[in-house]
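What follows is each chain in one-letter form.
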Amino acid sequence: MARILARVPVRAWAGLLPFFLFAAAFMLLPAGTLLVGSFLDAQGSFSLANIAHLFRPSILRSYLLTIEVSVVTAVGGGVFGFLLAYAVTLGGLPRGVRGFLTTFSGVASNFAGVPLAFAFIATLGRVGLVTVVLKTVFGISIYDGGFNLYSFWGLSFTYMYFQLPLMVLVITPALDGVRREWREACENLGASRLQYWRHVALPILMPSLLAAVILLFGNAFGAYATAYALTGGMLDLIPILIGAQIRGDVLHDPNLGYALALGMVVIMTLSILGSNALQKRSARWLP
Amino acid sequence: MKRRRIAAWLWITLGCLYFFLPLAATFLFSLRAKKGVLSLAAYTHVLSDPQFLRTFTFSLEMAVLTILAGLALIVPTAIWVHLKIPRARTLIETFALLPFVIPPIVLVFGLIRTYSRPPLPIVSSPVLLIAGYVVLSFPYIFRSVDSGLRAINLRILTEAAQSLGASWWTTLFRVVLPNLRAALLSAAFLTFSIVIGELTLAVMLAWPAFGPYMAQVGRNFAYEPAALSVVSFLLTWGMIGLMQALSRSLGGPRSVVGGTH
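Residues numbered from 1 in each chain as written. Chains lettered and ligands numbered in written order. Predicted model: local features only at pLDDT ≥ 70, side-chain atom pairs only at ≥ 80, totals over all residues. Heavy atoms only, no water.

Asks: Even after reading the chapter, I still don't get the overall build of chain A, so can you show me in this structure?
Replies: Within chain A, the regular secondary structure consists of 14 helices and zero strands. Each helix and strand of chain A, placed in order from N terminus to C terminus, yields the pattern α-α-α-α-α-α-α-α-α-α-α-α-α-α. For the C-alpha atoms alone, the extent of chain A along its principal axes is close to 70 × 70 × 35 Å. Considering chain A as a whole, with its 287 residues, one finds that 53% of them fall into the buried category. A separation threshold of at least 6 residues defines the contact pool for chain A, and within that pool the share at least 24 residues apart is 71%. Carbon and sulfur atoms form 68% of the exposed surface of chain A, whose accessible area is close to 13100 Å². Chain A carries 18 positive and 10 negative side-chain charges, and their two centres are separated by 11 Å. (Helix = DSSP H or I, 4+ residues; strand = E, 2+ residues; numbered from the N terminus. Buried < 20%, exposed > 50% of the residue type's maximum accessible area, 1.4 Å probe, protein only. Contact = heavy atoms within 4.5 Å. Areas by Shrake-Rupley, 256 points an atom, 1.4 Å probe, with all protein chains shown as cover. Lys, Arg positive; Asp, Glu negative; His and termini not counted. Charge placed at Lys NZ, Arg CZ, Asp CG, Glu CD.)

Asks: Help me understand the overall build of chain B, please; the structure alone is not making it clear to me.
Replies: Of regular secondary structure, chain B possesses twelve helices and zero strands. When its helices and strands are written in sequence order, chain B yields α-α-α-α-α-α-α-α-α-α-α-α. Dimensions of chain B, computed from C-alpha atoms along their principal axes, come out at roughly 75 × 65 × 30 Å. Burial analysis of chain B (261 residues in total) assigns 54% to the buried set. Long-range pairs, those at least 24 residues apart, make up 73% of the contacts in chain B with a sequence separation of at least 6. Approximately 11800 Å² of chain B is accessible, and the part contributed by carbon and sulfur atoms is 68%. A gap of 11 Å separates the mean positions of the 21 positive and 7 negative side-chain charges of chain B.

Asks: How should the interface of chain B and chain A be read in this particular structure?
Replies: Note: interface size is frequently given as the accessible area lost on complex formation between the parts. Across the boundary between the two partners, chain B contributes 80 residues, which contact 91 residues of chain A. Carbon and sulfur atoms make up 78% of the surface buried where chain B meets chain A, a total of about 7700 Å² over both sides. Linking chain B to chain A there are zero salt bridges. Inspection of the chain B/chain A interface yields eight residue pairs in polar contact (both at pLDDT 80 or more). (Buried area = accessible area lost by both parts, 1.4 Å probe. Salt bridge = Lys/Arg side-chain N within 4 Å of Asp/Glu carboxyl O. Polar contact = N/O pair within 3.5 Å; in protein donor to acceptor, adjacent residues only side chain to side chain.)

Asks: How should I be thinking about the environment of L164(A) in this particular structure?
Replies: By secondary structure assignment, the location of L164(A) is in helix α9 (residues 152–176). By relative accessible area, L164(A) is classed as buried at 4%. Along the sequence, L164(A) and G78(A) sit 86 residues apart, while their C-alpha atoms lie 6.6 Å from each other. If we skip the residues at most four places from it in the chain, L164(A) touches G77(A), F80(A), G81(A), L84(A), Y18(B) and F19(B).

Asks: Would you mind going over the side chain of S30(B) with me for this structure?
Replies: Residue and element names in this part refer to chain B. Along the chain, S30 turns up in helix α1 (residues 2–30). Taking the relative accessible area as the measure of exposure, S30 reaches 0% and is therefore buried. In this structure the side chain of S30 is engaged in a polar contact, spanning 2.8 Å, whose partner is the side chain of Y43.

Asks: Just checking my understanding: could you explain the packing of helix α3 (residues 50–83) of chain B against helix α7 (residues 154–163) of chain B for this structure?
Replies: When two helices pack together, their arrangement is given by the angle between the helix axes and by the axis-to-axis distance. Residues and elements named next belong to chain B. Between α3 and α7, the shortest axis-to-axis distance is 10 Å and the interhelical angle comes to 95 degrees. The angle between the axes of α3 and α7 places the two elements in the roughly perpendicular class. On the side of α3, the interface is formed by I79, H82 and L83, while α7 contributes L154, R155 and T158. When its residues are assigned to classes, the contact of α3 with α7 shows three nonpolar, two polar and one charged. (Axes fitted to C-alpha atoms, helices over the stretch in contact; angles between N-to-C directions. Parallel < 35°, antiparallel > 145°, perpendicular 65-115°, else oblique. Nonpolar A, V, L, I, M, F, W, Y, C, P; charged D, E, K, R; others polar.)

Asks: Could you clarify how one ought to interpret the packing of aromatic side chains in this entry?
Replies: Any pair of aromatic rings gets described here by the distance separating the centres and the angle formed by the planes. For the structure on display, the rule yields 43 aromatic pairs over all chains. Geometrically, the ring pair formed by F100(A) and F104(A) is stacked, given 6.2 Å between the ring centres and 25 degrees between the ring planes. With a gap of four residues between them, F100(A) and F104(A) both fall in helix α6 (residues 95–110), about one helical turn apart. Looking at F100(A), the relative accessible area reads 41%, which means it is partly exposed. Ring geometry for F58(B) and W207(B): centres 5.5 Å apart, planes at 15 degrees, overall stacked. Highlighted residues: F58(B) in helix α3 and W207(B) in the loop between α10 (200–204) and α11 (210–220), separated in sequence by 149 residues. Comparing F58(B) with W207(B), the two get one shared label, buried. Through pairs of rings, three or more aromatic residues link up here, namely F100(A), F104(A), F111(A), F120(A), F157(A), Y161(A), Y18(B), F19(B), F20(B), F233(B) and W237(B). In this arrangement the basic side chain of K84(B) is found over the ring face of W80(B), its NZ or CZ atom lying 5.1 Å from the centre. (Phe/Tyr/Trp six-rings, centres within 6.5 Å; stacked < 30°, edge-to-face > 60°. Lys NZ or Arg CZ within 6 Å of the ring centre and 35° of its normal.)

Asks: Just checking my understanding: could you explain the packing of helix α13 (residues 238–247) of chain A against helix α5 (residues 104–115) of chain B for this structure?
Replies: The N-to-C vectors of α13(A) and α5(B) enclose an angle of 20 degrees; their axes lie 10 Å apart at closest approach. Judged by the angle between their axes, α13(A) and α5(B) are roughly parallel. The chirality of how α13(A) crosses α5(B) is left-handed. When α13(A) is examined against α5(B), the residues P239(A), I242(A), G243(A), Q245(A) and I246(A) are found in contact with a partner set consisting of I105(B), V106(B), V108(B), F109(B), I112(B) and R113(B). Of the residues belonging to the contact of α13(A) with α5(B), the class tally is eight nonpolar, two polar and one charged. (Left-handed = near helix turned anticlockwise from the far one by under 90°.)

Asks: I'm lost on α3(B) in this one. Help?
Replies: Note that an α-helix has 3.6 residues per turn; residues three or four places apart therefore point the same way. Over its 34 residues, α3(B) runs 49 Å from end to end, which matches the ideal 50 Å to within 8%, given 1.5 Å per residue. The N-cap of α3(B), judged by a side-chain oxygen 3.0 Å from the amide nitrogen of Q51(B) a few residues on, is D49(B). (Expected span 1.5 Å × (residues − 1).)

Asks: What exactly am I supposed to notice about the pattern of salt bridges here?
Replies: Pairing is possible between side chains of opposite charge, provided their charged atoms come close. Residue and element names in this part refer to chain B. According to the stated counting rule, one finds six salt bridges over all chains in the structure shown. Note that R89 and E93 form a salt bridge whose closest N and O atoms lie 3.9 Å from each other. You can see R89 and its partner E93 sitting in helix α4 (residues 89–97), four residues apart, about one turn around the helix. With relative accessibility at 24%, the residue E93 sits in the partly exposed group. For the salt bridge of R150 with D146, the shortest nitrogen-to-oxygen distance reads 3.4 Å. Here the residue R150 and the residue D146 both occupy positions in helix α6 (residues 126–151), the gap between them amounting to four residues, near one helical turn. By relative accessible area, which is 55% here, R150 ends up exposed.

Asks: Help me understand the confidence of the model for chain B in this model?
Replies: Detailed reading of the predicted coordinates is not advisable wherever pLDDT falls low. With 95% of its residues at a pLDDT of at least 70, chain B reaches an overall mean of 87. Both scores are available for the predicted complex, with the pTM at 0.88 and the ipTM at 0.86. (pLDDT = per-residue confidence, 0-100.)

Asks: Could you clarify how one ought to interpret the layout of surface pockets in this entry?
Replies: The method is simple in principle: a probe with the dimensions of a water molecule rolls over the atoms, and the space it marks as empty is what remains. What the second largest pocket holds in volume is close to 450 Å³. In terms of lining, the second largest pocket is formed by 19 residues, of which the most central are T89(A), L90(A), G91(A), R180(A) and R4(B). Mapped onto the lining of the second largest pocket, the elements with two or more residues apiece are α5 (57–89), α6, α9 and α10 (180–188) of chain A. (1 Å grid on protein atoms, 1.4 Å probe; cavity = no way out; pocket = protein on both sides within 12 Å on 5 of 7 lines; lining within 4 Å. Points joined across faces, edges and corners; volume = space filled by probe spheres on them.)

This is how it looks when you write it as structure tokens:
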């Protein structure tokens, strides 16, 4: 950093001033406000009480729930997204299928929030089309069977709609880097399909896979609109709690909201840092 | 070989089922507003609602302003970095990717608490909403513009233009920007599709935008939300489709990873 500064004339840096001013005003300052607020009590003096309150059972449960939804949808979306990407890259399908999947994934990963929640309510809600057809035509009542769209699993199933395509978009380039020669070399040496995947392909792909899954994790962890529109705030996810705190002091502790937000940023930062570190490792093998 | 292809078809079929069943079901559901017959009643009802037009127009304006503000901020910065301080690229990129670490709900929380008190009480000004949207679309605009700049030889282009006597202004508007048009357009389309139905910032800053309107329709009606969902999907499809068609014909960036959820 110091070296970068030293060799470039000050005038050159001045050209970046508008960008840095904007970033300071609308990213760093708000983040700083939250950071400082997390360590203040209601009277404005230093306190660790907000941070300590994060470990209250109810708050801890919310964090756990948010992490669970993110992990389930990241791993689920990761596995199925990988299989889809595998099908169009190495699976020997016509090229058109791949173009279609890529385009569709671009659309679906952007189709989120309120309209996505509506689509799943119209499909799998209590009077949703699939729910009704299953009941009247096949005699299966999924809601009596324990399914509920407005619950943990319903929300996770809905999140998959943007998680899966994101995985396809992120992992396809890595799968493109898997060379045919590796498989052929393995086959020549007498390895089975399973051995090839277990000892060659998966270890090479693992950093990319983990990085992609971590990206998916962050994607679900920060989601607010979909959860809000689907469950109307019935599930105590951390984003929903923060949203409620903005609308009014539901935690009866204005500064606890800051700490909640800080906790989110810390978890997101750790996940992105982890993802970057892994991506650097995979750069050794894959283009 | 054969088994591999069968497995591939199986995964694709399952994927299509998961992706298209909700779309088909939502579409059929949206047609059932009138008892016993399929009709477009839900669409005519929601599209003729003056609130729909008002909120949609509002979000449209916000989207356009966000695109203009975001490009005005990022394009000169990115060009400057490429020409004058290539080593600062990592620094700018870190900033541009910061929104990935700050979820929208946290961003809006910070914005509200920072700007609802002196010295800058602008919490009820649209400036804050647009600034927030610019932050949300930062990563996408930056990536687009950055990969667009890397694809052209900026230094040679600008030096050629200037040795022919062009001013900075002419160089920017008649040489650099036309060469970036695919990148700029794809950034614009992606930003549009993020802003048009955005809920979190709009609802927390209390703006009558399209996202909060959809949420409100969802609370009050049964079939109209499905109609809105279909309309939104078509809109997203249109934007992303246009973007991909453009990058195919103009050779711009293909990355469409994005969206706020």
